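An overview of the molecular structure
The residues making up each chain are set out below.
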Amino acid sequence: MSLNDQTAVITGASSGIGSGVARELSSAGMNVVLTARRVERPEALANELGKCAVVAGDISDPEMPQRLIDTAVERFGTCDVVFNNAGIMHTGIIEDVDVENLCRMVRVNVEAATRMAYVALKHFKKSNRGHLVNVSSILGTKVRPSAGVYAGSKYSIEALSEALRMEVAKTDIKVSLIEPGVVETELQNHFPVHPKEILGITTPLQPADVARCVRFILEQPAHVRIPVMMILPGEQAM
Ligand SMILES: NC(=O)c1ccc[n+]([C@@H]2O[C@H](COP(=O)([O-])OP(=O)(O)OC[C@H]3O[C@@H](n4cnc5c(N)ncnc54)[C@H](OP(=O)(O)O)[C@@H]3O)[C@@H](O)[C@H]2O)c1
């Protein structure tokens, strides 16, 4: 299915996977609505890509999801795809962990992603078409010590995504979810030791690798659904 002239809202578009997906979907001819707090980054990307709108702000602001859809419709006449990607990662063992950081992460990874998903689907229901792509993680399928809350935030989006997919199965609306392994982004820059070192991964995924998979999911014909796609670097055993 051609994506040309369709419109995608992309959250978390100031770095990493969100920026990579913005580039890929723009190269497929899509209009893109980019959002993040560090707005100078998506603005620079918009200048480079064209056919872009940028909305600055915190995705955990309850009004932000509707503002994004409204911007897509006002600017491009339609919102066909929502890439529900913005996220943060805090981990730590019981003795060291900052519980406030964990709760802030839940507000972004769970609460904001949940609001974005429902606002997108309510909009898609009006025209009986559209595609919501949620971002989980390999840690949405298995837990490791010190990452219980991050994994829990992704288990939540897994459950939501599957329930929503079932709710719209008989319509022309699609719900997909991706589960990346280790991707070279800014997500884990604050970690004392990067997970790629711990896992012995010399060649992690790049955002462009994930972006190609997202485009593949979106380009399938109407009758083909890809509810879940796990994307791992070759060396990632867990
Ligand atoms: N990297 C990996 O290995 C990996 C693996 C599996 C899943 N994931 C998931 O992939 C998604 C993207 O992560 P990434 O790896 O690309 O990380 P990243 O490079 O750190 O990008 C995260 C994006 O989320 C945005 N964001 C975070 N908090 C926000 C907030 N409160 N309001 C608005 N935007 C916010 C950031 O923008 P601002 O800071 O500018 O607001 C940034 O654009 C996340 O959901 C993450 O859990 C990543």
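None of these values were measured; they are calculated from a predicted model.

Brief notes about the overall build of the chain
- The number of helices and strands found in the chain is 7 helices and 7 strands.
- Helices (α) and strands (β) of the chain occur, in sequence order from the N terminus, as β-α-β-α-β-α-β-α-β-α-β-α-α-β.
- At 17 Å, the chain has a C-alpha radius of gyration in line with the 18 Å of a compact globule built from 238 residues.
- Across its three principal axes, the chain shows a C-alpha extent of roughly 50 × 40 × 35 Å.
- Buried positions account for 52% of the 238 residues belonging to the chain.
- In the chain, of all internal contacts separated by at least 6 residues, the share reaching a separation of at least 24 is 65%.
- Carbon together with sulfur atoms contributes 54% to the accessible area of the chain, which is approximately 10,800 Å² in total.
- Considering the chain, the positive charge centre built from 24 side chains and the negative charge centre built from 27 side chains are found 5 Å apart.

Considering the site of the ligand
- Near the ligand you find 29 residues, and of these S14, S15, R37, Y150 and T185 are the closest.
- One of the backbone nitrogen or oxygen atoms of N85 is found 2.8 Å away from an oxygen atom of the ligand.
- The separation between an oxygen atom of the ligand and a polar main-chain atom of L187 is 3.3 Å.
- Summarising the interface, the protein chains cover 96% of the accessible area of the ligand, which totals 880 Å² for the free molecule.
- Placement of the ligand is best described as lying within the largest pocket.
- Looking at the shell around the ligand, the elements with two or more residues in it are α1 (16-27) and α5 (148-167).
- A per-class count over the shell around the ligand returns 13 nonpolar, 11 polar and 5 charged.

Observations regarding the side chain of T7
- Residue position: T7 is located in strand β1 (residues 7-11).
- Not counting residues up to four positions away in its chain, the partners in contact with T7 are M30, N31, V33, A72, F76, T78, C79, D80 and V81.

Comments concerning empty space enclosed by the protein
- Evaluated as defined, the whole model comprises 1 cavity of 30 Å³ or more.
- A volume near 50 Å³ is recorded for the largest cavity.
- Lining of the largest cavity is provided by N84, N85, A86, N109, A113, V135, K154 and I157.
- Going through the elements one at a time, α4 (99-127) and α5 are the ones with two or more residues in the lining of the largest cavity.
- Split by residue class, the lining of the largest cavity holds 4 nonpolar, 3 polar and 1 charged.

Points about the packing of α1 against helix α7 (residues 207-218)
- Contact geometry for α1 and α7: axes closest at 8 Å, N-to-C directions at 50°. By the angle between their directions, the pair α1 and α7 is classed as oblique. Considering the relative orientation of α1 and α7, their crossing is right-handed. For the pair formed by α1 and α7, the contact residues are G16, I17, G20, V21, E24, L25 and S27 on the first element and P207, V210, A211, R212, V214, R215 and L218 on the second.
- Partitioned by chemical class, the residues of the contact of α1 with α7 number 8 nonpolar, 3 polar and 3 charged.

Details of a nonpolar patch on the surface
- On the surface, V193, I198 and L199 cluster together into a nonpolar patch covering about 270 Å² of accessible area.
- With respect to the secondary-structure elements, L199 resides in the loop between α6 (195-198) and α7.

A closer look at the pairing of β1
- Of all the 5 residues making up β1, 5 are buried; the element is thus mostly covered by neighbouring parts of the structure.
- Burial along β1 is two-sided: T7, V9 and T11 facing one way and A8 and I10 facing the other are all buried.
- As paired strands, β1 and strand β2 (residues 31-36) are joined by 5 bridges and run parallel to one another. Opposite A8, over in β2, you have V32 as the bridge partner.
- Here 3 bridges tie β1 to strand β4 (residues 81-84), and the two strands are oriented parallel to one another. Bridging from a neighbouring strand, V9 pairs with V82 of β4.

What counts and what doesn't
- Per chain, residue numbering runs from 1 following the sequence as it is written.
- A pLDDT threshold of at least 70 governs which residues receive local features in this predicted model, and a stricter bar of 80 or more applies before side-chain atom pairs are shown or counted, although totals over entire chains, interfaces and linings include all residues.
- Based on all heavy atoms of the structure, the side-chain values leave hydrogens and waters out of the count.
- For the purposes of this entry, the term helix denotes a DSSP run of H or I that reaches at least four residues, the term strand denotes a run of E that reaches at least two, and both are numbered from the N terminus.
- As defined in this context, the radius of gyration uses C-alpha atoms, and a globule is described by 2.2 Å times the residue total to the power 0.38.
- A 1.4 Å probe rolled over the protein chains alone gives each residue an accessible area, and that area as a share of the maximum for its type sets the label: buried under 20%, exposed over 50%, partly exposed in between.
- Throughout, a contact is declared for two residues whenever any of their heavy atoms are within 4.5 Å.
- Note that accessible areas follow from Shrake-Rupley with a 1.4 Å probe, and for residues the cover is restricted to the protein chains shown.
- Residues counted as positive are Lys and Arg, residues counted as negative are Asp and Glu, and His and the chain ends are not counted.
- Lys charges are placed at NZ, Arg charges at CZ, Asp charges at CG and Glu charges at CD.
- Nearness is defined per residue: one heavy atom within 4 Å of the molecule or strand is enough.
- Here a polar contact is taken to be a pair of N or O atoms separated by no more than 3.5 Å, where protein atoms must pair a possible hydrogen donor with a possible acceptor and residues adjacent in sequence count only if both atoms sit in side chains.
- Cavity and pocket criteria rest on a 1 Å grid covering protein atoms alone: a 1.4 Å probe that fits but cannot get out defines a cavity, protein on both sides within 12 Å along at least 5 of 7 lines defines an open pocket, and an atom within 4 Å of a point defines a lining residue.
- Placement in a cavity or pocket follows one criterion, namely that more than half of the molecule's atoms lie within 2 Å of its grid points.
- Only Asp, Glu, Lys and Arg are considered charged, only Ala, Val, Leu, Ile, Met, Phe, Trp, Tyr, Cys and Pro nonpolar, and every remaining residue, Gly among them, polar.
- Grid points are joined across faces, edges and corners, and a volume is the space filled by probe spheres set on the points.
- Angles shown run from 0 to 180 degrees and are taken between the N-to-C directions of axes, each axis being a line fitted to C-alpha atoms and, for helices, limited to the stretch in contact.
- Note on terminology: angles under 35 degrees are roughly parallel, angles over 145 are roughly antiparallel, angles of 65 to 115 are roughly perpendicular, and the others are oblique.
- Definitions for this section: a left-handed crossing has its near helix turned counterclockwise from the far helix by less than a right angle. A right-handed crossing has that turn clockwise.
- The patches reported here contain residues having more than 30% relative accessible area and no salt bridge. Joining distances are 9 Å for like charges and 5 Å for nonpolar side chains (Val, Leu, Ile, Met, Phe, Trp, Tyr).
- Take a side-chain nitrogen of Lys or Arg and a carboxyl oxygen of Asp or Glu: if they are within 4 Å of each other, that pair is a salt bridge.
- Should DSSP find at least two bridges between two strands, the strands are taken to pair.

Worth remembering: the numbers are spatial, not functional.
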